[in-house]
Amino acid sequence: MTVSQAEIRTAVGSYNAEIVTPEGGSGPWPAVILFFDGGGARPAITLIAERIARTGYVVAVPDLFHRAGSITKLAPDGASHDGLTMALVSAIFRSDEGRKRFFTEFYGPAIAYENLETDIGPLLAYLHGRPDVKPGPVGTTGYCMGGNASFRVATLFGDEIGATASFHGGGLVTDAPDSPHTRADKIKSTVYVAGAIEDASFTDDAKSTLIATLNAAQVKNTVETYPAKHGFAVSDHAGAYDEAAAERHFEAVDELFAGTLK
């Protein structure tokens, strides 16, 4: 795979997106936007992007944390700064102050509808301007926080999104008036959601509500619960990564994108 960086210019500044392209040939290939989890951009996320790109996609990973800087600044005293890993994120979350700052400074701005619209609109334009990207709608996938972002982007960009995947996504169904599921009628893509067992952010009630809402909006969807823990698809998520579930997730992504984007 070829991995590079692209500067995405927005109305309020710019940010970097990692771009992963298949080896050999010049395309054009369908485009996919991959939204990282709360750990941010790091090798484990690049590995997922490379695996998807290998099957014939240009994959873009936008830096949704660009407003806040590096999450390493929240690391408690004594925590290792040897690269961004989920171990470091876990150390941050063990601190009440670190957890509070993460949600205020990183998570909240990353998934705010207005910020996603500002960030992803120019990224879509950038992708459509690449000669190696096939014209037409793009796909999205995301993990935990990124699964939420993936779903929200589908509600923001309508026909520009052809396929939407969310894996162990948090907060898809909440009591908040702007909960993602309340905007299901704006989605034009085919939706695939895979939650996890032992996940307070994806309860059976939330799953039932999500399915009912998507069906009522006449959105083609598949909503499942994998017999794995929250974080099952991301290889550096110690204690949660599940190789079998991760492979099932890749198979689901391939089936979803092949049936909608190619």
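Throughout what follows, the structure given in this document is the object of discussion. (Residues numbered from 1 in each chain as written. Predicted model: local features only at pLDDT ≥ 70, side-chain atom pairs only at ≥ 80, totals over all residues. Heavy atoms only, no water.)

### Points about the overall build of the chain
The helix and strand inventory of the chain stands at seven helices and eight strands. In terms of overall dimensions, the chain is globule-like: its C-alpha atoms have a radius of gyration of 17 Å, near the 18 Å expected for 262 residues. Oriented by its inertia axes, the alpha-carbon framework of the chain measures out at about 50 × 40 × 40 Å. When each of the 262 residues of the chain is scored for burial, the buried share is 54%. Summed over its atoms, the accessible surface of the chain is roughly 11200 Å², and 49% of this surface lies on carbon and sulfur atoms. Distance from the positive charge centre (21 side chains) to the negative charge centre (32 side chains) of the chain: 3 Å. (Helix = DSSP H or I, 4+ residues; strand = E, 2+ residues; numbered from the N terminus. Rg over C-alpha atoms; globule rule 2.2 N^0.38 Å. Buried < 20%, exposed > 50% of the residue type's maximum accessible area, 1.4 Å probe, protein only. Areas by Shrake-Rupley, 256 points an atom, 1.4 Å probe, with all protein chains shown as cover. Lys, Arg positive; Asp, Glu negative; His and termini not counted. Charge placed at Lys NZ, Arg CZ, Asp CG, Glu CD.)

### Regarding the nonpolar core
Grouped together as the largest cluster of nonpolar side chains are 72 residues, with contacts concentrated most on I52 and I120. Those residues in contact with I52, other than ones at most four positions away along the chain, are L34, Y57, V59, T141, Y143, F250, V253 and F257. Core analysis: the next-biggest nonpolar cluster, separate from the first, contains 14 residues, A154, L172, F202 and L214 among them. (Core = buried A, V, L, I, M, F, W, Y, C linked by side-chain atoms within 4.5 Å. Contact = heavy atoms within 4.5 Å.)

### Focus on the pairing of strand β5 (residues 138–142)
Burial runs high along β5: five of the five residues are buried. Burial along β5 is two-sided: V138, T140 and G142 and G139 and T141, pointing in opposite directions, are all buried. Pairing geometry for strand β3 (residues 31–35) and β5, over four bridges, is parallel. Opposite F35, over in β5, you have G142 as the bridge partner. (Pairing = 2+ DSSP bridges.)

### Some thoughts on unusual backbone geometry
Backbone torsion omega between G27 and P28 reads 5 degrees, so that peptide bond is classified as cis. One can find P28 in the loop between β2 (13–21) and β3. For C144, which is not glycine, the phi dihedral falls at a positive 55 degrees. Structurally, C144 is set in the loop between β5 and α5 (145–157).

### Focus: the packing of helix α4 (residues 113–128) against α5
Relative to each other, α4 and α5 sit at 75 degrees, their axes nearing to 10 Å. As the angle between them shows, α4 and α5 are arranged roughly perpendicular. Contacts between α4 and α5 involve Y113, L116, E117, I120, G121 and L124 on the former and, on the latter, A149, R152, V153, T155, L156 and F157. Across the contact of α4 with α5, the residue classes tally to eight nonpolar, two polar and two charged. (Axes fitted to C-alpha atoms, helices over the stretch in contact; angles between N-to-C directions. Parallel < 35°, antiparallel > 145°, perpendicular 65-115°, else oblique. Nonpolar A, V, L, I, M, F, W, Y, C, P; charged D, E, K, R; others polar.)

### Things to note about α4
The end-to-end C-alpha separation of α4 is 22 Å, in line with the 22 Å expected for 16 residues at 1.5 Å each. Of all the positions in α4, only Y113, N115, L116, D119, I120, L123, L124 and L127 are classed as buried. (Expected span 1.5 Å × (residues − 1).)

### Let's talk about the layout of surface pockets
Each pocket or cavity is described by its volume, and for the largest pocket that value is around 380 Å³. What lines the largest pocket is a set of 18 residues, and nearest its centre among them are F93, F102, F103, C144 and H230. A per-class count over the lining of the largest pocket returns eight nonpolar, eight polar and two charged. Volume-wise, the second largest pocket comes out at about 210 Å³. Lining the second largest pocket, in full, are T190, V191, Y192, K220, T222, E224, A252, E255, L256, G259 and T260. Among the elements of the structure, β7 (190–196), β8 (221–226) and α7 (243–260) are those that each provide at least two residues to the lining of the second largest pocket. Broken down by element, the residue count for the lining of the second largest pocket peaks at five residues, all from α7. (1 Å grid on protein atoms, 1.4 Å probe; cavity = no way out; pocket = protein on both sides within 12 Å on 5 of 7 lines; lining within 4 Å. Points joined across faces, edges and corners; volume = space filled by probe spheres on them.)

### Comments concerning the sheet that holds β8
Strand order in the open sheet formed by eight strands is β1-β2-β4-β3-β5-β6-β7-β8, and the pairing between neighbours is mixed. Because the sheet does not close on itself, it has two edges, and the strands there are β1 (2–10) and β8. Adjacent strand axes in the sheet meet at a mean angle of 20 degrees, parallel and antiparallel pairs treated alike. Two strands pair when backbone bridges link them, and strand β6 (residues 161–167) and β7 are joined in this way by five bridges, in the parallel orientation. Considered in β7, the bridge of A165 is made with Y192.

### Quick look at the pairing of β1
For a regular strand, side chains alternate in direction, first toward one face of the sheet and then toward the other. The pairing of β1 with β2 spans nine bridges and is antiparallel. Within β2, the position partnered with V3 by the bridge is V20. Hairpin connection between β1 and β2: a loop of two residues separates the two successive antiparallel strands.

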